[in-house]
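# Structural overview for review
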Amino acid sequence: MVFADPAEARARAEALLRTGASPLHAGVAHQVLGIWERDFGDMRTALGHLRRARDLSARAESAEREADVLATLGVALVHAGRTRQGLASFERGVARGTGHTRARVLYRRAYVWWVLGRHREALEDVRRALPVLRQVRDDIWTARALTLRATVHLAVGAVDRAAADFTAAERLWGTTGQEHDKADAVESRGLAAFRSGDIPAALRLLDEAEERYAKLGTPTFMLSVRRCEVLMAAGLAPEALTEADTAIAQLDRIGGQSTRKAELLLAAARAARSAGDPHTATARAADAVRLFAGQRRTWWEAHARLVLTEARSVSGRGSGRLVADAAAVAERLASSGSPAAAEASLLAGRTALALDRPREAERHLEAAARSRRGGPPQARVTGWVAQALRARAAGSARGVLEACRRGLDVLDDHRMTLGASELRARVTAQGAELAALAQAASLAQGSPRRLLEWSERWRATVLSAPPARPPADPALLGSLTAYREIAARAEEARAGGRPMPALEREQRRLEREIRSRTHHMRGDAPGGGDRFDTGRLLDRLGGTRLVELAVVDGRVHVLLCGNGRVRRFAGGSLDEAVTEAEHVQAGLRRLAHPGGEARLPLVAAAGRRLEELLLAGAAAHLGSGPVVIVPPGSLHRVPWALLPALRDRVLSVSPSAGSWLRARETEPPPGGRHVLVRGPGLATGGAEVPGLAGRHGGATVLEGEGAQVPRVLAELDGAALAHLAAHGTFRADSPLFSALRMTDGPLIVHDFERLARSPYRIILSSCDTARLASVGADELLGLVTALLPLGTAGVVASSAPVNDAAVVPLMLALHKGLDAGLSLAEALRDARAVQPADPVHQATGWAFAAFGAA
């Protein structure tokens, strides 16, 4: 009962002890309380109960009871970090027990061997225990043994064997009332799904297991360890670090298992390393190494030393000592059959290359490259990185590009199994090194066309195919509706100067729930979406010039596409350009308000410097036709119309050349339906909307109570043109919760992803609607990039705060151009030209950009 109903088991055990029970029965009660404290409470209290249970069983002269308690005590001692005492307790338990009892003792010792990372011994004890448990038809303990054997199989990479054991165990759990073990079975299936590469299923199953544990009121420390691993594979390292640190704090509060704390520290170290925080990674990994060493858990210690070595390699310079440390860790991991050995060999080889030790590097890289042939996607990518580095060291550009191609193909397949656009974007970070190696090799070959192709290969991949549509999930729809209501009430409270923490907490909880449910969505069949074709791009450009900015080793390279060819021009430093762009943004914010006129010359000068850094010699070769700019993610906020060479041009921006080409080839929907939306609280009251409504006689106008999210979404679906005058908010911490404020609350990116087809053209007339978050390798998340793969071919939006009054004439002029048959980029160029010459109106025009190709 202690697992089926922990609270009831504890209550009955305490009641039994109050009755003055016999030594035999009191021993059982103390054992139950010891198990409860061991798994759900304080380890010191647990050991006290279990030692008392052992002594009472000896007084009762029951060898079988004593053997059973010695096994429970052995598990607790190991979890408390007293490994030698725990194994000694098991030796006595195995010697005292017989038959069925001895099989249960062997199962629990197998569990301890797994905790210690001694997988061969674990499998041997399960092999001895299972036939006896099956013979006596002990379904509960047979299912536990099968689950444990499956978990050990996963640890050594035998996924198929694990899946078979998990399936057999789950059939048995269905015949029992062991709710805790059933939850554990769901958790285990989540781990198996992860090991087989199905991240959405893994996240769904782990969330289901957490719900089951919550009903039992039991802590979920092992679940946190596993979820951290899945979150990191999904590109959500900061979330994994938060989860691990929260669990560590909770474990410390209750005085819980030392073994679980060590595992959580390792998970936190891995997450911090992936999140780019080497200082935290070093601290957490060092603590994990110390705990694992004290617990005599050599398998785990080796994994913690790998993270510690990797973190130190990022924090300091490479050295011979670092090579030796990484090589030693690789050897230890390889001897235990861990797939992580390839990571350690890659680190040793990469460091040896940097120290100009080619022979030593080749030996380590060859060992790492073996993992490219099989295993989970991350392990295969590690192998292809190693192979690419081997080829580069050998002077084979062809070999580098082939290895990079193969490695990115692995990630393409993996990426497309993910349904959520956020996960697709973030997981690309795992291919950043391969993409960088390929770009450097292409640059060295002196082929601008090849550099363009490799720059496109791993840029804005999230736009290459639409995200999976959220399922018709009543729980998800309910969460979105509740989120909208709570967010609206929280915003109203803040605006009134009386923020309500309870509302804000509930808003954050609903955000987590919505993200979690969207992460469960599985993508389509493997495949990389549309593949970029340079020839097709050049054919479709016509008189347009496309400028793609590629970054190699921190320098900008300007790739000018048009007139049937691709030319390269050397640009400036990326860091300098980013700094200059930040200065421009600050200047535009000041110019949005009267009194900032003195900033205008400074902003104009910054525009000239940006042109020197980002267009360089290409500025003189742009011709007289339209220009498309394709910047890297770090430069997405540059107001391109401010650059002198682009100021009077038909200008559009695109996250990638491939996404511009798809937008160019997108056909408008039949019917030409127009939708005008006016949200609440605008300084001008959305003054352009009534004028536009008079101009577009048949347009659908949504305002007041009509501008509620369900109605707005219904009208936007499949529209030819949508103009949304609504307050925009950008969420850098969670870009897909960036929103437009409607009457009933925020219209968020997750809402737009439910459209069958987003409007062909969209105009967003409020502040910051073009702001995006740069994630993954070179991906952008936000409102604009959410719309482009959903059927929208063109967007006009602003990348900076704008003056509301100055927006009105700009928007009216923009629509006048559209009415005359112009594209968004052409109409925006003409609209800027007819605005008043004062700084406020000029800055407002510069802040807006046309995205896409409509």
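In what follows, the structure referred to is the one given above.
Below you will find a few notes about this structure.

Here is what the cut-offs are and how they apply
- Residues numbered from 1 in each chain as written.
- Predicted model: local features only at pLDDT ≥ 70, side-chain atom pairs only at ≥ 80, totals over all residues.
- Heavy atoms only, no water.
- Phe/Tyr/Trp six-rings, centres within 6.5 Å; stacked < 30°, edge-to-face > 60°.
- Helix = DSSP H or I, 4+ residues; strand = E, 2+ residues; numbered from the N terminus.
- Buried < 20%, exposed > 50% of the residue type's maximum accessible area, 1.4 Å probe, protein only.
- Lys NZ or Arg CZ within 6 Å of the ring centre and 35° of its normal.
- Polar contact = N/O pair within 3.5 Å; in protein donor to acceptor, adjacent residues only side chain to side chain.
- Contact = heavy atoms within 4.5 Å.
- Pairing = 2+ DSSP bridges.
- Axes fitted to C-alpha atoms, helices over the stretch in contact; angles between N-to-C directions.
- Parallel < 35°, antiparallel > 145°, perpendicular 65-115°, else oblique.
- Left-handed = near helix turned anticlockwise from the far one by under 90°.
- Nonpolar A, V, L, I, M, F, W, Y, C, P; charged D, E, K, R; others polar.

### Quick look at the packing of aromatic side chains
Applying the stated criterion across every chain yields a total of 6 aromatic pairs. Where W36 meets F40, the ring centres are 5.9 Å apart and the plane angle is 80 degrees; that geometry is what we call edge-to-face. Here W36 pairs with F40, and both are found in helix α2 (residues 23-40), just 4 residues apart, close to one helical turn. For the pair W36 and F40, a shared accessibility class is recorded, and that class is buried. The interplanar angle of 25 degrees and the centroid separation of 5.7 Å between the aromatic rings of F292 and W300 together place this pair among those described as stacked. In terms of burial, F292 and W300 fall into one category: buried. Following the ring pairs from residue to residue traces out a cluster consisting of F292, W299 and W300. It is R10 that lies over the ring of W36; its NZ or CZ is 4.1 Å from the centre. Sitting over the ring of W384, R372 keeps its end group 5.2 Å from the ring centre.

### A word on unusual backbone geometry
Even without glycine at this site, D356 takes up a positive phi of about 60 degrees. By the element assignment, D356 lies in the loop between α18 (341-354) and α19 (358-369). On the accessibility criterion, D356 (65% relative accessible area) is exposed. A positive phi angle, close to 50 degrees, is found at A616, a residue other than glycine. Accessibility expressed as a relative area gives 24% for A616, which makes it partly exposed.

### Remarks on the side chain of R144
You can see R144 is positioned in helix α8 (residues 139-155). Here the side chain of R144 touches D181 through a polar contact of 2.9 Å, side chain to side chain. Aside from chain neighbours lying at most four places away, what touches R144 is F3, Y107, W173, Q178 and D181.

### Remarks on the pairing of strand β1 (residues 545-552)
Most of β1 sits out of view: 7 of its 8 residues are buried. In this sheet, strand β4 (residues 627-630) lies alongside β1 in parallel orientation, the contact comprising 4 bridges. Looking at β4, one finds that E548 is bridged to V630. Here β1 pairs with strand β2 (residues 555-562) via 7 bridges, running antiparallel. Its bridge partner lying in β2, V552 is registered against R555. If you look at the hairpin formed by β1 and β2, you'll find 2 residues sitting between the two strands, and D553 has a positive phi there, around 50 degrees.

### Side note on the sheet that holds strand β11 (residues 745-748)
Spatially, 3 strands are ordered β9-β10-β11 in an open sheet, and the strand pairing comes out antiparallel. Lying at the two open borders of the sheet, with one neighbouring strand each, are β9 (728-729) and β11. Sheet analysis places strand β10 (residues 739-742) next to β11, joined by 4 bridges and oriented antiparallel. Residue pairing in the sheet places L740 in a bridge with L747 of β11. On top of the sheet, helix α25 (residues 474-495) reaches β10 and β11; it is set at about 130 degrees to β11, its chief contact. Most of the contacts of helix α32 (residues 709-716) go to β11, to which it runs at about 30 degrees, and overall it touches β10 and β11.

### Quick look at the packing of α2 against helix α4 (residues 63-79)
In a pair of packed helices, the angle between the axes and the distance between the axes together describe the arrangement. Two numbers describe how α2 lies on α4: the axes approach to 11 Å, and their chain directions differ by 20 degrees. Between α2 and α4, the crossing angle belongs to the class labelled roughly parallel. Relative to α4, the crossing made by α2 is left-handed. Across the interface between the two elements, L24, G27, V28, Q31, I35 and R38 of α2 pack against R65, D68, V69, T72, V75 and A76 of α4. Looking at the contact of α2 with α4, its residues break down into 6 nonpolar, 3 polar and 3 charged.

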